[in-house]
Every structure is written in structure tokens, then in C-alpha cells.
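Listed below are the residues making up each chain.
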Amino acid sequence: MSFAVPADSPVRDNRFIWGVATAAFQIEGAIHADGRVDSIWDTFCAEPGRVLNGDNGEPACDHYHRWEQDLDLLSELGVDAYRFSIAWPRIMRAPGEVNEAGLAFYERLVDGLIDRGIRPVATLYHWDLPQYLEDHGGWLNRETAYEFARYAQVVVERLGNKVTHWATLNEPLCSSFLSYEVGVHAPGYREPAWAYQAAHHLLLAHGLAMPVMRAAAPESQHGIVLNFTPAYAADDRPETQRAVQDAEVKDVHWFIAPLMQGEYPAGWFERFPEWRPIIMPGDMDLIRQPMDFVGVNFYTRHLVTDDGAGGVKHLPQPDAEHTHIGWEVYPEALTRTLVTLHRSYQNLPPLIITENGMAGDDHVVDGQVNDAQRVSYLERHITAVGEAMRQGVNIRGYFAWSLMDNFEWAFGYSQRFGLVYVDYETQERIVKRSGQMLKEWMKEPRLELASA
Ligand code: FCB
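All figures in this text were calculated on a predicted structure; none of them were measured in a lab.

Let's talk about the overall build of the protein chain
A tally of regular secondary structure across the protein chain gives 17 helices and 15 strands. A globule of 452 residues ought to have a C-alpha radius of gyration of about 22 Å, and the protein chain, at 21 Å, matches this closely. When the backbone C-alpha atoms are referred to their principal axes, the protein chain occupies close to 55 × 50 × 50 Å. Counting only residues that meet the buried cut, the protein chain has 62% of its 452 residues in that class. For the protein chain, the computed accessible surface area is about 16,800 Å², with 51% contributed by carbon and sulfur atoms.

Some details on the pattern of salt bridges
Enumeration over the complete set of coordinates arrives at 33 salt bridges. Its salt-bridge partner being Arg142, residue Asp283 comes within 2.9 Å of it at the nearest N-O pair. On the criterion of sequence distance, the pair formed by Asp283 in helix 13 (residues 283-287) and Arg142 in the loop between helix 6 (131-134) and helix 7 (143-159) is long-range, its members being 141 residues apart. For Asp283, a relative accessible area of 1% translates into the label buried. Residue classification places Arg142 among the partly exposed residues on the basis of a relative accessible area of 21%. Connected through shared salt-bridge partners, Asp362, Asp371, Arg374, Asp405, Arg416 and Lys432 make up one network.

With respect to the site of the ligand
Around the ligand, the neighbouring residues are Gln26, His126, Trp127, Asn170, Glu171, Tyr299, Glu355, Trp401, Glu408, Trp409 and Phe417. A distance of 2.8 Å is found between an oxygen atom of the ligand and a side-chain nitrogen or oxygen belonging to His126. Residue Asn170 places a side-chain N or O atom 3.0 Å away from an oxygen atom belonging to the ligand. Relative to its unbound accessible surface of 300 Å², the ligand loses 95% to contact with the protein. A class-by-class count of the residues in the shell around the ligand yields five nonpolar, three polar and three charged.

Here's the deal with helix 14 (residues 332-344)
With 13 residues, helix 14 ought to run about 18 Å at 1.5 Å a step, and its terminal C-alpha atoms sit 18 Å apart, in line with that. Residues Ala333, Leu334, Thr335, Thr337, Leu338, Val339 and Leu341 constitute the buried set of helix 14.

Some details on the confidence of the model for the protein chain
This prediction gives the protein chain a mean pLDDT of 95; 95% of its residues lie at or above 70. Across residues 1-13, confidence stays below pLDDT 50; counting only partners more than four residues off in sequence or on other chains, it has 31 contacts. Across residues 447-452 the pLDDT falls below 50, and counting only partners more than four positions away or on other chains, this stretch makes nine contacts in the model.

Observations concerning the environment of Pro218
Within the element layout of this structure, Pro218 appears in the loop between helix 9 (192-216) and strand 7 (221-227). Residues Pro218 and Gly160 lie 58 residues apart in sequence; the distance between their C-alpha atoms is 8.0 Å.

Some words on the packing of helix 14 against helix 15 (residues 372-390)
Orientation of helix 14 relative to helix 15, taken along the N-to-C sense of each, is 30 degrees, at an axis distance of 8 Å. If you check the angle between helix 14 and helix 15, you find them roughly parallel. Judged by the twist between their axes, the crossing of helix 14 over helix 15 is right-handed. Every residue of helix 15 that contacts helix 14 at Leu334, Thr335, Leu338 and Val339 is listed here: His381, Ala384, Val385, Glu387 and Ala388. Here the residues of the contact of helix 14 with helix 15 sort into six nonpolar, two polar and one charged.

Comments concerning the sheet that holds strand 12 (residues 351-356)
Taken in spatial order, the eight strands line up as 1-2-5-6-7-9-12-13 and close into a barrel, and their pairing is parallel. Between one strand and the next, the sheet's axes are offset by a mean angle of 25 degrees, whatever the strand orientation. Where strand 9 (residues 293-298) lies against strand 12, five bridges are found, and the strand directions are parallel. Its bridge partner lying in strand 12, Val296 is registered against Ile353. The sheet contacts of helix 14 involve strand 9, strand 12 and strand 13 (395-401), and relative to strand 9 the element is tilted by about 155 degrees.

Notes on the nonpolar core
Among the nonpolar cores identified, the biggest contains 151 residues, and Trp41 and Trp166 are the most heavily contacted of them. Counting five residues, the second-largest nonpolar core is a separate cluster that includes Ala243, Val244, Ala247 and Val304.

Considering unusual backbone geometry
Pro59 follows Glu58 through a cis peptide bond whose omega is 0 degrees. Along the chain, Pro59 turns up in the loop between helix 2 (40-46) and helix 3 (63-77). Of note, the amide linkage connecting Ala186 to Pro187 takes the cis form, showing an omega dihedral of 5 degrees. In this fold, Pro187 is placed in the loop between helix 8 (172-182) and helix 9. Of note in the backbone geometry, Asp34 takes a positive phi value of approximately 50 degrees without being a glycine. Here Asp34 lies in the loop between helix 1 (24-27) and helix 2. Relative accessible area serves as the criterion here: at 43%, Asp34 is assigned to the partly exposed category.

Quick notes on the rules
Residues numbered from 1 in each chain as written. Predicted model: local features only at pLDDT ≥ 70, side-chain atom pairs only at ≥ 80, totals over all residues. Heavy atoms only, no water. Helix = DSSP H or I, 4+ residues; strand = E, 2+ residues; numbered from the N terminus. Rg over C-alpha atoms; globule rule 2.2 N^0.38 Å. Buried < 20%, exposed > 50% of the residue type's maximum accessible area, 1.4 Å probe, protein only. Areas by Shrake-Rupley, 256 points an atom, 1.4 Å probe, with all protein chains shown as cover. Salt bridge = Lys/Arg side-chain N within 4 Å of Asp/Glu carboxyl O. Near = heavy atom within 4 Å. Polar contact = N/O pair within 3.5 Å; in protein donor to acceptor, adjacent residues only side chain to side chain. Nonpolar A, V, L, I, M, F, W, Y, C, P; charged D, E, K, R; others polar. Expected span 1.5 Å × (residues − 1). pLDDT = per-residue confidence, 0-100. Contact = heavy atoms within 4.5 Å. Axes fitted to C-alpha atoms, helices over the stretch in contact; angles between N-to-C directions. Parallel < 35°, antiparallel > 145°, perpendicular 65-115°, else oblique. Left-handed = near helix turned anticlockwise from the far one by under 90°. Pairing = 2+ DSSP bridges. Core = buried A, V, L, I, M, F, W, Y, C linked by side-chain atoms within 4.5 Å.

See the structure below:
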């Protein structure tokens, strides 16, 4: 598949794309501005004990008001592309009720990017489901998938080919399993069977929206963004091998398998019949839509053993390098993930690294933020991407997470993932050392080589 940017795009070319990423709820703030309605994350934040320090989506980075300054920051960093998400609660006040002010905001943002020669890469759903849909069952209700396709149509008809890459969903693994099984993300349930049903409806939402999006923006690239956390065996016992395979079914293959092959990983629901979701005739064909790209989000690996009861246990690695959020740094796992995807799925479209980065205990000293661990993390992971390319994987871009420090879900504002430091009191932004380095690396021809 060729990697063509829309003919009418002022930033048309076929280079490897370098960018940075954000998501609406994590940066925008202004949660009541211009007709935005509540999302499940507003509700979740208001429930005691759900989010560290009782933090919520206000003020975040106040990006809703400071978007022009933030676009200038993108220019300063010299990125080719900016991946952001669109807030469903800003666009649809109720089923069928479009909020013009919300659409106008994203139109200004997209036009502002194009004016600066930066490609807009948009995700339609980065976890902020309107609360009015949750009140009718949220992702457990099949109707939510149809509602998503209607919302997608409204947005893509408006912004169309100006957005070079449209992604339906961000990390459905998190908005199903973390949200309905582990309970650490909104809406915060602990019912494994619900997680599988939510996951199925999320995939259905993707499948219903894709043709609508293609029709509305025929020149754009359309796909999805998934996260992958490969499992490594802690020892060589057969029980551990079984645990590793099970962990990879969920953390690597659960979403990509049905998208590519039209079926869930083999044998799973025979072993766990109580988790089988309701799947209507035709659903799997709808889910298996041709895609122009798959976005890969990668942060860490899991070291796995069995839990003695047929389940999976993650082992800590006390001697390994970790980030401030406690995730192990293991760049080789990124190469392995990319190569695994390439070898496992014959019809895999080109991949784009849509998120990669780390949380640091970053501080301003003499007006500067020297985030040495992040510089090293990014350099090693970019090298790991290049290694996967040398092994034959078709990778078309790399986006660092994140443009700037922001609201890190259940961790609130305690985890800083930005290339740009944000002082939440003053809303001052300071480009960290990592941001300066990324700017240099993006100019280097050796990284250009990676796309050859
Ligand atoms: C990913 C999310 C993103 C951000 C990073 C750290 O799972 O997509 O919003 O929180 O993790």
C-alpha cells in the first residue's frame, strides 16, 4: 500500500513522519466551555478515591484556550505532524444534537496546524465517552457503537481530507479491560465478562465508522491505534510458558487479530465460556475492515509467570531500569512487538508508532528541565524502531508521547510525560532537554534512512 498524503494537503510528501501526541481530556481543560457535556472521566474524577489527589480535567494544560500558543510550540519543536484527539462530549450534546462550537474549535486547530505546515493526525475516541451514553449502558450497550459511527460522520464530514490520518479508537484495550475488568479507568467496573462485551462493541464501533469515514475523507488514511505490551517468561517452567501465551493473547493479539482476521484468538472462549460476549451475525466481517495504517502505542514489557491458579502474574524487576510511574524500560521489546505483528499478520497495513515515551520526576532548575532519562529512553526506542525496519517491518512514522505534561488518568497530574514541562499554576511551558533533542534527531539524515 502506498503512503500517500492527500493531494490537496499543503504538507504533502512521503517522508517518515515525526510527531508528538496528546489527547483531549488530558490537555484541554475548559470542561464546561462552549457547550461541552460531561464525559465518563468527569464523573470518574468526581468519585472519591478514583484519581490520585482527587485531580480532574480542570485546568489540565488549558489548551482549549491556549491552543494557538501550543501550535507555535509544535512549530518550535519542528515536528511534521501532531496527533491529537477530538472530544466526543464537545461535538455531540446528545444523540443527534451537534454542537457547532465544538466542531469550530477543532476546525480552528486543524487549520492552524496546516497554516504552520504540520499534518493533523486525529483520533476520534481517546476514552472520553459522553456521560449521557454511559447512563444508557455505555460500551455495554450495542447502540453506543452506532452512536460512535454517527459522531464520526459529523466530525469527518466537517474536517475531511484536511486531517491526513484518522484513527477511530485509541487503545481499546484500556477502554475495555482497564475500564471494566481492572476498574482503574472510567467507568471503573470489575466484571471480566463486561470487559469482553465492551471490547466487542468498541471493535464494532470501529468497523461501523470506517466506511463512513472513508466516504467523508476519501483522500485521508484511516486506521486505529492499539497498545501492545509483550510478555516475557520469568523462568522456563511449562506453567510459565502457558502464562506468557495467555498474557500475549490479551496484551498483544486481542484487538489486532479480529481486525486482521475477523476472529478472536483461537480457543479462548472455549476455555473461558463465561466471558464470551454477545456477537451478532455479521459483526466479525464488519470489524475486519481494510485499514491504511495501524497505530502502535508502546511503553514497556511485562515479566510474567503463572499465579498458581491458572492465571497470569506480573513479576517486578527490582534491578531493572524503571520510569517514575514504575514501568520497566525495555526497548528491545518494541522491536520484538513490531516484528511479531509483521510476522503474525500477512495483511498488516503499514505501522505508525503513535505513542512512545516515559514519565519522569522532572523539575525546573535555573529555568531548564534536564530530563536525561527521557532523552536516553527516546533515543533507545527510536533505535529499536529502526531495528524493526531493518528486519522488514513497514513503519511510516514515530510520535512521542507527549507534547507536554498533562493529566495522566488515574495518576492525575503526578506523572509528567511531556517533552515540554507545564507549570500548572502559571500555565508556563518550558521545552525540556528531550524536546530539544527530538528536534535535532528529526533533522538527522540517519533517521531518514529508517524509512528507506
Ligand atoms: C497511553 C494513553 C495515553 C497516555 C499514555 C501514558 O496508554 O493512550 O493517553 O496516558 O498511555
